[in-house]
Every structure is written in structure tokens, then in C-alpha cells.
Amino acid sequence: MVSLFGKSALPRSFFIRRGVAVALLMAGIAASACAQQSLPPGTTSATPDDQTPTAVLSNNSGKKTRKSSQEKKDEKVVQSKDTVKSEKARKQQMKVNPLGDVKSSQPDKLLYDKAMVAINKGRFEVARLDLQTLLSTYPDSEYQMRSKLAFADSWYREGGSAALAQAETEYHDFIIFFPNAPEAAEAQMRIGDIYFKQMDRPDRDYTKGIHAQEEYRNMLAQYPDSSLVPEAKQHLREVQEVLAQREHSIGEFYASHENWVASIARLQTVVDTYPLYSHIDQVLISLGDAYEAQSRFIRTLQLPEDAKARLLRTYDDQAAAAYSRVATQYAASAHVEDARDRLDAMNRPIPEPTPEQLAASQALEDSRQTYTLANRAKGLIFRGPDTVQTARIGDPALADPKATLAPEVARHSEEAYKAALDPKATMPAVGTNAPADNAAPAATPVAGTTAAGAGSAPASLQDIPAENAAPTTAGSSFTDTPTGVATPTSTGSRSTGVTILSPGATDSTGNSSAPPAAGSVPAGTISGVGPRNNTDLPAVEKAAEAPDAVNDVAGQKTPAGQAPVLDKNGKPKKVKPGIDRDEESSSANKKKKGLKKLNPF
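Just so we're clear, the structure is a prediction, and the values are computed from it rather than from any experiment.

## Here we look at the nonpolar core
Next, step 1: Core analysis: the biggest nonpolar cluster contains 54 residues, and Tyr171, Tyr216, Tyr277, Ile280, Val283 and Tyr323 have the highest contact counts within it.
Next, step 2: In terms of residue count, the dominant contributor to this core is helix H12 (residues 280-299) (8 residues).
Next, step 3: Setting aside chain neighbours within four positions, we find Val283 in contact with His248, Leu267, Val270, Val271 and Tyr277.
Next, step 4: By size, the runner-up hydrophobic cluster in this structure holds 13 residues, among which are Ala115, Ala118, Phe124 and Ala150.

In C-alpha cells form, the structure reads like this:
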């Protein structure tokens, strides 16, 4: 066809496509003819398995051609979102299920895989049913151990107090059945995590923290070669951080109430048990301040100057030792300058840390995290303890040293006080775990006894001896004996012998209970005090009756209205006062008048 302008009306591409189609058709016919000619005799056609016909579509046959970038993009297979999601789920399944890549179609393997998929999707009851079926149906299965551990994991991942308690029981059973398996360390680790997840703030119940510390210590002691040891150590550091916060806060509370004995006991326990505590420098400074407070109290006592100087030196040395430890072992802490200032105020030399101590302290402080907005928001929302500044290096304490108790602190304080009053005694060593406190001075001695500070022991009470026991010798401050039994005071004794006698009794020397004459009582002996006349007191006389009232106004008679009304026996008769019904306000006793009688109210 030719248009009016002498040109073809069809586009050029039409003829190009038509020529290509004709060329392809001719090439196919030629290839078929060649195949028919090459067949052996008796064969009509070639099957696809024997020979595959090929067609040459280009004149450049046999030459490799480069594909354009567009062709590469077209050939690239783009995965859908569902495919990507399923692939991620499969990889996650491989992490949780170490046997997920095992190719097997055995029924126990299928049950195990089905249970693991159900656990990952949160269908814990379905997973436990499948695992229980596997455990009961295939007792000799190679998935028996992993199935029992997965059964406990289902309870652990479900959460809740009841589910966690059941998970702990299942983990203990797994350790009993498979004690030498590598997964036993994982089970012991999960038991510690159960208590770790239930820990509360330091000012709440700390029972879960004590249990978590014990379980993590068991894991580190029983499985030291496990790959979970670093994680267990970090969890143990966090648990001990919370326990140290509790002890520190209690010690500060006692210090605010000036109970220095209890405060020193708590603070010393933190120093001895939790050296990785984030505020250990503040604990040591508070401990030194408690010793200084006791030193100030000693200065107010009326004691001999030499005894007071020895006591002050003891308390000041203990305070300086606490401050010096901050300046040396925790030289990179935030409050090291406060410790240096206190040492300077006490006129004590300020120790310099060694390079090793400074490097260790700096590494410990650098391992702690700093507070961020996310950490603070998490602390406000969740109820768990604050473990942000927990150390990330250092070995946590695997055994608690002997705790410092308040009675021990008071006893050592008393020993220091006695040693200060006795010039021949030696003062307790400085830096012991049982420091002194502000014990009250000894009781004032009785007249005739040895004065305090001259080598005598402070007053104390003793048990009552038996009836036939030997007499008490020197060395006792007060001697308490049964009534009627006298205890003689030994010659040369500095103690105070107390002799208690009942009235009329005599002591072993034949002395009666009557007060002895002046100068006849040995020094330091207190005799029983009582009246000489032991007769009974006379009976108590009955009080006389009061006379009748008499009108003192002469010639005036008692008004008739005031005269008493007598009954038949001549005794005054009780008369109830009359009631004026018209005057009282109660409507129950008031008469109704007029129309008010009709109103029932």
C-alpha cells in the first residue's frame, strides 16, 4: 500500500518484526530437515531425551554477548515480604533450636520441631503437649535431653510467678537427670535468671536477690568451663550491686540517727563483702565519719587524760585508715578529694596511690555505664532495681566473709575502753573488722571501792552461785547471793562485796542483821539495812465517824424546804426532785394543748 504522498502508510518497525518472524520460521524448517537427515535407519523422529533442537537466532552464533543492565534487572528474582519474613523466622529458629538444621523425617524430630515453633509463637501449652508426647512415646529418642530442657524453657518464657516456680522445678530435674551434659550449665544459669527477673528495689524484699546470688555462685563453681560464665559473672555483679545498695542505705539511716554502732556494722559489711560496689568510696568516707563522731563523743567524757588520749588515738587511726583506703585503692573515684580533705583536716599524711592501684581504679570506673535518658525512663516505668552503674570487670565475691554485727562492734568498743583505763593493757589493733563505738563510761564506784582508771575492771553482774558453792573471790564487781547467805569479802580484793541479809539472820562470821556500829563494817562491804525491832506492827485503827453538820449561826433555824425527810426508821429518805413538765424541752413529757393534741408528731 502506498499513501497519497508516495510513502508506505505502515511503520518501519512492522517490516522489521515481519522479517525476523520469517527468518525464525525458515531456521526452524531447516533445523528439522537436518535432524531428519541425521536419524539412523528405521527411526522416524528424535525424542526430547535423545536430542534437543536448537535454533540460531543471530548471525553472531558461537560468540558470547554481554547482557545489558536492564536485562540483568529483569532476570533478578525479587523476594516478596512474606518470603523475607519467613527466612528471618527460619534463621531465628536455627538460633533457638540447635537441631533445626538436621534433615530428618522421623516422628520424634517432627514433634520436636513443631514444639519449638509453637514456643517461638507463644503457644506454650501446645508446645508442652507435643514435648510431653515426645518424652512419653519415644523414651530412647536422641531428642530426649533437648526436649526436657525445652519443656522447662516453655515455663520460663511464659513468665509469671507460678510459671517461673514450675520452670525452676523442671530445671532442677534436668540437672538431676543429665548432670554431665553441657546443657546442665544452661539449666543452672536459668535458675539464677528466674530469681534475677523477680528482684525488687533495694528498699523492698531482698530474698530474691539472696537466692539469685546463691544460684549464680553455684553455676560458677560447678561449671567453670561453660561459655555462659561471663554472662553469669555480670549477673552476679548486678545482684551484688543491689545488695550493697541495701546495706549502704541502712548504714546511712543509722548514721542519721547517730546510732554509730549499727552504722559501722553495716558499712563495714559493705566494704568487706562488695568491693566492686559503685559507691564504695562514699561507704568508706561514711565509715570514717562514724569513727570521727565517736572520737568527738570521747572528748566530752570525764576521763583521765592518758586514757582519753589512748581512746582518741584508736578512733582517729580507724577513721584515717578508711580515708586512706579511698585515696589509694579507689583513687579514680568521684569522692577521692573529700577523703583527702578529711585527712588534711586531721593533720594526717595523705598517701599517694601506686601506678598499679591508679590503673586498676581507672579501669574499674571506666567500665561503668553512665545514665542516659532511656535508662532514667526505664527506671521510672519498671519496678526493677537500678543496675546502670554496675562494674563490668572484676571477679565478684564467690563467698561472703564473716559479717560485722553490731554486738561485736559494741564488745570491741568495751574492750578498747577497758584497755584505755588500764595502763598495762594493750590497745586493740587498728583496722580490724570490729571497730570501737561510743560506749558509755563505767558506772560510778561505790564509796570505799577503787576509783576508775586505777586498774579496776568496770562494773558487771554475775550469775547467782549455788547454795553450797564456794565463796566468790577477788575479781567480781558485784556479788549477788541468796537471801540469808552471806559471802565474805576476800582480803585485798578491789571488788565490792555485797552482803544481803534478811532481818534477824546472821552471816558466816556471826554478825546479826542489826546495823553495826560505826567503823565496825569492813571497807567495801554493804550490810543489810533493816529496823532493830522485828515485832509486828499494831493493827490499823478504824477511823472515827464524822460529826453531824451544825449551823453555826446562833438562833437561826433550818428552813423547812431544807429539812431532811425521814422514813419510818428515822433515816433520811431519798426523794427524787420534781420535774416541771411545762418547762422541759422534750415533747415526750410535755402535755399537748389545744390543736396540738390532734398532731401525733
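So that's the structure; there's more coming.
## Things to note about a negative patch on the surface
Next, step 1: Side chains of Glu337, Asp338, Asp341 and Asp344 sit close together on the surface and give a patch of like negative charge.
Next, step 2: By the element assignment, Asp341 lies in helix H14 (residues 336-345).

## Overview of the layout of surface pockets
Next, step 1: Computed from the structure, the largest pocket encloses a volume of approximately 620 Å³.
Next, step 2: Elements with a minimum of two residues in the lining of the largest pocket: helix H8 (183-197) and helix H16 (373-381).

## Digging into H14
Next, step 1: Listed in full, the buried residues belonging to H14 are Val336, Ala339, Arg340 and Leu343. Relative to the axis of H14, the buried residues are bounded by an arc of 100° and lie together on one face.
Next, step 2: Downstream of H14 by one or two residues, Asn347 has phi in the positive range, about 60°.

## Re the environment of Glu142
Next, step 1: Its location among the elements puts Glu142 in the loop between helix H5 (124-137) and helix H6 (144-158).
Next, step 2: Taking relative accessible area as the criterion, Glu142 reaches 60% and is therefore assigned exposed.
Next, step 3: On a C-alpha basis, the gap between Glu142 and Lys109 in space is 8.9 Å, while along the polypeptide they are 33 residues apart.
Next, step 4: Residues in contact with Glu142, not counting those within four places in the same chain, are Gln106 and Asp108.

## With respect to the pattern of salt bridges
Next, step 1: Counted by the stated rule, this structure contains 17 salt bridges.
Next, step 2: One salt bridge connects Arg217 with Asp400, and the closest N-O pair in it is separated by 2.8 Å. One end of the pair, Arg217, is in helix H9 (residues 207-222); the other, Asp400, is in the loop between H16 and helix H17 (406-421), and 183 residues separate them in sequence.
Next, step 3: A salt bridge links Arg348 to Asp317; its shortest N-O distance comes to 2.8 Å. With Arg348 in the loop between H14 and helix H15 (355-366) and Asp317 in helix H13 (residues 305-329), this residue pair connects regions lying 31 residues apart in the sequence.
Next, step 4: By sharing partners, the salt bridges in this structure join Arg246, Glu247 and Arg266 into a single network.

## Quick word on empty space enclosed by the protein
The probe, sized like a water molecule, is rolled over the atoms to show the empty space still left.
Next, step 1: For the structure on display, the rule yields 3 cavities of 30 Å³ or more.
Next, step 2: Taken as a whole, the second largest cavity encloses approximately 70 Å³ of empty space.
Next, step 3: Taken together, Arg237, Gln240, Glu241, Tyr274, Pro275, Leu276, Tyr277, Thr390 and Ala391 make up the full set of residues lining the second largest cavity.
Next, step 4: Of the residues in the lining of the second largest cavity, the class split is 5 nonpolar, 2 polar and 2 charged.

Procedures and definitions
- Residues numbered from 1 in each chain as written.
- Predicted model: local features only at pLDDT ≥ 70, side-chain atom pairs only at ≥ 80, totals over all residues.
- Heavy atoms only, no water.
- Core = buried A, V, L, I, M, F, W, Y, C linked by side-chain atoms within 4.5 Å.
- Buried < 20%, exposed > 50% of the residue type's maximum accessible area, 1.4 Å probe, protein only.
- Helix = DSSP H or I, 4+ residues; strand = E, 2+ residues; numbered from the N terminus.
- Contact = heavy atoms within 4.5 Å.
- Patch = residues over 30% accessible without salt bridge, like charges linked within 9 Å, V, L, I, M, F, W, Y side chains within 5 Å.
- Areas by Shrake-Rupley, 256 points an atom, 1.4 Å probe, with all protein chains shown as cover.
- Salt bridge = Lys/Arg side-chain N within 4 Å of Asp/Glu carboxyl O.
- Lys, Arg positive; Asp, Glu negative; His and termini not counted.
- Charge placed at Lys NZ, Arg CZ, Asp CG, Glu CD.
- 1 Å grid on protein atoms, 1.4 Å probe; cavity = no way out; pocket = protein on both sides within 12 Å on 5 of 7 lines; lining within 4 Å.
- Points joined across faces, edges and corners; volume = space filled by probe spheres on them.
- Arc of directions from axis to C-beta.
- Nonpolar A, V, L, I, M, F, W, Y, C, P; charged D, E, K, R; others polar.

Geometric values such as these leave the question of function open.
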